[in-house]
Every structure is written in C-alpha cells, then in structure tokens.
Amino acid sequence: MPYVSGYLYPRAQTPDRSSEGATHAWVETLLPGLGWIGFDPTNNLMAGDRHIRTAIGRDYADVPPTRGIFKGKAASDLTVSVRVALSDAPPPPEAELNLPPQWKKRRRGDSLEAQQQQQQQ
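Details of the side chain of His 51
- With respect to the secondary-structure elements, His 51 resides in strand β5 (residues 51–57).
- His 51 sits in the buried class, given a relative accessible area of 11%.
- A distance of 2.9 Å separates the side chain of His 51 from the side chain of Asp 40, its partner in a polar contact.
- Apart from the residues within four sequence positions on either side, His 51 is in contact with Tyr 7, Leu 8, His 24, Trp 26, Asp 40, Leu 45 and Met 46.

Printed below as a string of structure tokens:
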C-alpha cells in the first residue's frame, strides 16, 4: 500500500482537517477491477480530484517534502509558500504570491559560494 505525498485542494463548503497550503498525505491501494483507490484517513474520505499527488513511496521517509544536505550555520529557518488553485486559467495579478524579503534575488553571476566567502572575510 503506497504512501502518497502531495496537497489537498480546499473546499469552501466544509473545511478539511488539513491546513490550506500545507503538505498532505494519504494511502492508495490497487483493487482488482477498480484500479488504484486512495484513502485519506485525516479527512475520513476517499482520495479524489482534490488530492494533488507530488510523490509516491513506501512511507514518509521515501517522500519527505524537503530533503538534502545543508552547509552553513547550525540554526536556520525554512520558509515555504504554496498556493493550490484550479488550473483552468492563470491567477489574476493581484493573487500572485508575495515573496518574503529574505528571498531577495541574487545578482546574476553571484554564487552561493561567493556570498559565503564574502561573509567570512
């Protein structure tokens, strides 16, 4: 039974137990004659068109939302922003996500290594 990681499109009528924009997970199983069927125990429903799959694995360790190697200070903050919306049309400009100030764009040619070297000097 695969573990599925992704997002859940919110519905206006009845709020879900999952926070809007938060990662979400459910399980799927192959049922003969029916195909892959998803079960969402968090919201007590079957997975459907509101469930947006981003990764499939054996368990959470196979498909965490973030993974990698970090070099730098021992303490850090991770900021993530996700908007789940219908894809029928592009979002209006006023609905665009505003980037936090710490996500400022680096100048072209500035590498992370060059920035770290400047900090060390």
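So, the pattern of salt bridges
- A complete count under the given rule lists 2 salt bridges for this structure.
- Glu 28 serves as the salt-bridge partner of Arg 53, at 3.2 Å between the closest nitrogen and oxygen. With Arg 53 in strand β5 and Glu 28 in strand β2 (residues 24–31), the pair connects residues that are 25 residues apart, well separated along the chain.
- The partner of Asp 62 in a salt bridge is Arg 58, and the shortest N-O contact between them spans 2.8 Å.
- In this structure Asp 62 comes out as partly exposed when scored by relative accessible area, which is 26%.
- According to the relative accessible area criterion, Arg 58 is exposed, its value standing at 68%.

Digging into the pairing of β2
- Bridge count between strand β1 (residues 3–8) and β2: 4 bridges; the pairing is antiparallel. Considered in β2, the bridge of Gly 6 is made with His 24.
- As paired elements, β2 and strand β3 (residues 35–40) share 5 bridges and run antiparallel to each other. Bridged to Thr 29 within β3 is Ile 37.
- In this structure, the hairpin formed by β2 and β3 is closed by a connection of 3 residues, where Gly 33 is found at a positive phi of approximately 85 degrees.

Quick look at the environment of His 24
- You can see His 24 is positioned in strand β2.
- What makes His 24 buried here is its relative accessible area of 6%.
- For the pair His 24 and Thr 54, spaced 30 residues apart in sequence, the C-alpha to C-alpha distance is 9.9 Å.
- Excluding residues within four positions of it along the chain, His 24 makes contact with Val 4, Ser 5, Gly 6, Tyr 7, Leu 8, Ser 18, Asp 40, Thr 42, Asn 43 and His 51.
- Among the polar contacts made by the side chain of His 24, one reaches the side chain of Asp 40 at a distance of 2.9 Å.

Criteria and thresholds
Residues numbered from 1 in each chain as written. Predicted model: local features only at pLDDT ≥ 70, side-chain atom pairs only at ≥ 80, totals over all residues. Heavy atoms only, no water. Helix = DSSP H or I, 4+ residues; strand = E, 2+ residues; numbered from the N terminus. Buried < 20%, exposed > 50% of the residue type's maximum accessible area, 1.4 Å probe, protein only. Polar contact = N/O pair within 3.5 Å; in protein donor to acceptor, adjacent residues only side chain to side chain. Contact = heavy atoms within 4.5 Å. Salt bridge = Lys/Arg side-chain N within 4 Å of Asp/Glu carboxyl O. Pairing = 2+ DSSP bridges.

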